[in-house]
Amino acid sequence: PDVTSTNIPSPGSRTARPGHALMNVDATMLHLDSRVTLRTHVNCFAWNFPFSGSEEDSSSNEALILQTFQSLAVLGAQRHFSGSTDPLIFACALHGDQFSRWNVWRSSWRTGWFLTSWCKFDHKSFPGYCPSRHNGEAFPVDKARFYVFKWSGSQKA
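Residues numbered from 1 in each chain as written. Predicted model: local features only at pLDDT ≥ 70, side-chain atom pairs only at ≥ 80, totals over all residues. Heavy atoms only, no water.

**Digging into the pattern of salt bridges**
Then comes step 1: Within the structure shown, the criterion is met by two salt bridges.
Then comes step 2: With its nearest N and O atoms 2.7 Å apart, the salt bridge here joins Arg-106 to Glu-62. Remark: Glu-62 occurs in helix α1 (residues 58–81) and Arg-106 occurs in helix α3 (residues 104–110); sequence separation between them is 44 residues.
Then comes step 3: Taking the shortest distance from any N to any O, the salt bridge between Arg-101 and Asp-97 comes out at 3.0 Å.
Then comes step 4: Judged by relative accessible area, which is 25%, Arg-101 ranks as partly exposed. (Salt bridge = Lys/Arg side-chain N within 4 Å of Asp/Glu carboxyl O. Helix = DSSP H or I, 4+ residues; strand = E, 2+ residues; numbered from the N terminus. Buried < 20%, exposed > 50% of the residue type's maximum accessible area, 1.4 Å probe, protein only.)

**Re the nonpolar core**
Then comes step 1: Phe-90, Val-104, Trp-113 and Phe-149 are the most contacted members of the largest nonpolar core, which has 24 residues in total.
Then comes step 2: When contributions to this core are tallied by element, the ones reaching two or more residues are β3 (44–48), α1, β4 (89–95) and β6 (144–151).
Then comes step 3: At seven residues, the largest contribution of residues to this core is made by α1.
Then comes step 4: Ignoring sequence-local partners within four residues, the contact set of Trp-113 consists of Phe-69, Leu-72, Ala-73, Leu-88, Ile-89, Phe-90, Ser-108, Phe-149, Lys-150 and Trp-151.
Then comes step 5: Within the second largest apolar cluster, six residues are counted, among which are Ala-93, Phe-121, Phe-139 and Val-141. (Core = buried A, V, L, I, M, F, W, Y, C linked by side-chain atoms within 4.5 Å. Contact = heavy atoms within 4.5 Å.)

**With respect to unusual backbone geometry**
Then comes step 1: At Asn-103, a residue that is not glycine, the phi angle is positive and equals roughly 55°.
Then comes step 2: Relative to the helices and strands, Asn-103 resides in the loop between α2 (98–101) and α3.

**Side note on the packing of aromatic side chains**
Then comes step 1: The final tally for this structure, using the stated rule, is ten aromatic pairs.
Then comes step 2: Ring geometry for Phe-69 and Trp-113: centres 6.0 Å apart, planes at 45°, overall tilted. Taken as a pair, Phe-69 in helix α1 and Trp-113 in strand β5 (residues 113–120) lie far apart in primary sequence, 44 residues in all.
Then comes step 3: We classify Trp-113 as buried; its relative accessible area is 0%.
Then comes step 4: Between Phe-121 and Phe-146, the aromatic rings sit 6.2 Å apart at their centres with planes inclined by 25°, giving stacked as the arrangement. Within this pair, whereas Phe-121 is found in the loop between β5 and β6, its partner Phe-146 is found in strand β6, the two being separated by 25 residues in sequence. (Phe/Tyr/Trp six-rings, centres within 6.5 Å; stacked < 30°, edge-to-face > 60°.)

All we've got here are geometric facts, nothing functional implied.
In structure tokens:
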């Protein structure tokens, strides 16, 4: 992906460059983040294991996902009106039943995003990867899946 949201420091984490991770990204406000706006060529955004701060609060996690899709759709519209014809892709890893429990599919459709593929997320394919929350708390990813969405270019009511 062009931009990955993470809490792990990495080289280039202050500017959006292809293949670099950004720290302290508010995924619900990507369309306003100067590192990701029209001045930067970004076609794909990835977010592993989004989290609102409370695993059991499905409504706050659902709102987080919906607002992320909305922000990315606004970013896509801004790019479209500036003449970009490149597709906009959002990839997201989720654990267990979060896809259904957080109504991810419904949120994607409401904002013009369509699920194009999914696969099992095998964290062992990434040596040294240790999934953690923004507070550093580690969590298991043994039942995770990776979902890929494409923006349709039109808003759905």
